[in-house]
Amino acid sequence: MPSWPASTRALSTEPEPHPGQAALRSLFFFDGLTEHPMSTLHPITPAGFFRLKHELDDLLYRERPAVTQAVSEAAAMGDRSENAEYQYGKKRLREIDRRIRFLSKRLPELRMVDRLPDQPDRVFFGARVQLEDAEGVPLTVRIVGVDEFDPAQHWISLASPMARALLGKRLEEECQVR
């Protein structure tokens, strides 16, 4: 992995707006801050939170009922030990239930970060940062939560070494990332 002595420039200081954000924010986070110490809450962008929430709703209200119906139809066909549709359906149902359990536990542990920091001239969570290596080759990354990193989009996790090195740096400040 290349070492990036980086000149950092935040390209976007605006958090991503999302419809319905205010209602869910009060339901999940600001009321929950009194129940959870800050160290147990994991930051996430509004778009990332709503993606996970949509995935949970989709699993609960669309996919799980459809798979349950298919399993019951396959079970009605007779011998379950040789019924591939039944066995596959039960396996898929276990996978869905596992993901539902994970998302149900994870969503209350997330803290939606949807406001600008006090010092917008520094690199912060959710910012897009343009880096340059020693040869001047640019790379733009976005610092996001651990639940939403995506290498294809150059979204890096807040817990990654590069993000930890960049957070808090001023615009045009150089830093070494190993």
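Residues numbered from 1 in each chain as written. Predicted model: local features only at pLDDT ≥ 70, side-chain atom pairs only at ≥ 80, totals over all residues. Heavy atoms only, no water.

**Looking at the side chain of E148**
Looking at the element boundaries, E148 is found in the loop between strand 5 (138–144) and strand 6 (155–157). Engagement of the side chain of E148 in a polar contact is seen with the side chain of T45, the distance being 2.6 Å. (Helix = DSSP H or I, 4+ residues; strand = E, 2+ residues; numbered from the N terminus. Polar contact = N/O pair within 3.5 Å; in protein donor to acceptor, adjacent residues only side chain to side chain.)

**Considering helix 2 (residues 46–75)**
Note: α-helices contain 3.6 residues per turn, so residues at a spacing of three or four share the same orientation. Between its first and last C-alpha, helix 2 extends 42 Å over 30 residues, near the 44 Å set by a 1.5 Å rise per residue. The sharpest bend along helix 2 measures roughly 40 degrees and falls at L59. (Expected span 1.5 Å × (residues − 1). Bend = angle between axes of the 7 residues up to and from the residue.)

**So, the nonpolar core**
F49, L52, L107 and L110 are the most contacted members of the largest nonpolar core, which totals 18 residues. For this core, the secondary structure elements donating two or more residues are helix 2, helix 3 (84–106) and strand 3 (110–112). Ranked by residue count, the leading element in this core is helix 2, at 9 residues. (Core = buried A, V, L, I, M, F, W, Y, C linked by side-chain atoms within 4.5 Å. Buried < 20%, exposed > 50% of the residue type's maximum accessible area, 1.4 Å probe, protein only.)

**Some points on the environment of D79**
With respect to the helices and strands, D79 occurs in the loop between helix 2 and helix 3. For D79, a relative accessible area of 47% translates into the label partly exposed.

**A word on the confidence of the model for the chain**
Looking at the chain, the pLDDT average stands at 80 and 78% of residues meet or exceed 70. Low pLDDT, under 50, characterises residues 1–38; the stretch is placed with 95 contacts to residues that sit more than four places away or in other chains. (pLDDT = per-residue confidence, 0-100. Contact = heavy atoms within 4.5 Å.)

**Structural notes on the pairing of strand 5**
In terms of burial, strand 5 is a largely internal element, 5 of the 7 residues being buried. By the bridge criterion, 5 bridges tie strand 4 (residues 128–132) to strand 5 in an arrangement that is antiparallel. Within the sheet, the bridge partner assigned to V129 lies in strand 5 and is V141. What sits between strand 4 and strand 5 in their antiparallel hairpin is a turn of 5 residues, with G136 showing a positive phi close to 90 degrees. Note: strand 5 against strand 6, 3 bridges, orientation parallel. Bridging from a neighbouring strand, V144 pairs with S157 of strand 6. (Pairing = 2+ DSSP bridges.)

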